[in-house]
Amino acid sequence: MPAKRKRAGPSDPAAENFMSACATLRAHPLFGPLFAHAQVIREERNLCPPAGWAVVTTNGYLHVHPKRRGEPAEWVYVLAHCLLHLGFGHLRERPQAREWNAACDCFLARFLGDLKLGRPPEDMRISTDFPARTEERLYEFFCAHGIRSEEHTSELQSLAYLV
């Protein structure tokens, strides 16, 4: 008598794409060690807002949206972005937090663009043509001149980090 075949449960494309991105980052020489030190929380009622992708905290937790559908390349970008905030020490208080967050996000957008790693989700695409090369100089520029809202508002809504 032939063995019974197990029925595969319904597939979960959101989870499959997320797991594929995790595997890509674990195997990456730069991001593998960072990923090994982070704790990923992908469950209901975590810190990720309903319209967001992820939130990274100072203690190394990545709270990711539990049901968001994104392509593996988009999840690679989002997770790498979060890991780099940890790796570069961006999770510190500054007198003007919004400007610091924007400067760090802009710096990471350029960094990841130069690495050609992943693809930013549509709602996180920002220009990487900035008047300064480091997050410190961008912070100073944003404090002095302000942040153009069309340049950075959507990314702030999609990806956040907590100090």
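Below, the structure is looked at part by part. (Residues numbered from 1 in each chain as written. Predicted model: local features only at pLDDT ≥ 70, side-chain atom pairs only at ≥ 80, totals over all residues. Heavy atoms only, no water.)

Structural notes on the pattern of salt bridges
Going through the model one piece at a time under the given rule, you end up with 5 salt bridges. Between E44 and K67 there is a salt bridge, with its nearest N and O atoms 3.4 Å apart. With a gap of 23 residues between them, E44 in the loop between β1 (39–41) and β2 (54–56) and K67 in the loop between β3 (61–64) and α3 (72–87) connect regions that are remote in the sequence. What makes E44 partly exposed here is its relative accessible area of 45%. Taking relative accessible area as the criterion, K67 reaches 57% and is therefore assigned exposed. A salt bridge links R137 to E140; the shortest N-O distance between them is 2.9 Å. Of this pair, R137 and E140 are both found in helix α5 (residues 135–145), 3 residues apart, which corresponds to roughly one turn of the helix. When its relative accessible area of 45% is taken as the criterion, R137 is described as partly exposed. The network of salt bridges with common partners includes R92, R94 and E136. (Salt bridge = Lys/Arg side-chain N within 4 Å of Asp/Glu carboxyl O. Helix = DSSP H or I, 4+ residues; strand = E, 2+ residues; numbered from the N terminus. Buried < 20%, exposed > 50% of the residue type's maximum accessible area, 1.4 Å probe, protein only.)

Some words on the side chain of E74
Here E74 lies in helix α3. Buried charge without a partner: E74 forms no salt bridge, and the closest opposite charge is R119, 4.1 Å away. When near neighbours in sequence (up to four residues on either side) are disregarded, E74 contacts W53, R119, P121 and E122. (Lys, Arg positive; Asp, Glu negative; His and termini not counted. Contact = heavy atoms within 4.5 Å.)

Notes on the packing of aromatic side chains
Under the defined criterion, the tally for this structure stands at 7 aromatic pairs. When the ring of W53 is compared with that of W75, the centres are 4.9 Å apart and the planes differ by 70°; the resulting orientation is edge-to-face. Taken together, the residues span a long stretch of sequence, with W53 in the loop between β1 and β2 and W75 in helix α3 at a distance of 22 residues. Side by side, W53 and W75 carry an identical accessibility label, which is buried. A network of ring pairs unites the aromatic residues F18, W53 and W75 as a single cluster. A cation over an aromatic ring shows up here: R94 above the ring of W100, its NZ or CZ 4.0 Å from the ring centre. Seen from the ring of Y139, R94 lies directly overhead, with NZ or CZ sitting 5.1 Å from the centre. (Phe/Tyr/Trp six-rings, centres within 6.5 Å; stacked < 30°, edge-to-face > 60°. Lys NZ or Arg CZ within 6 Å of the ring centre and 35° of its normal.)

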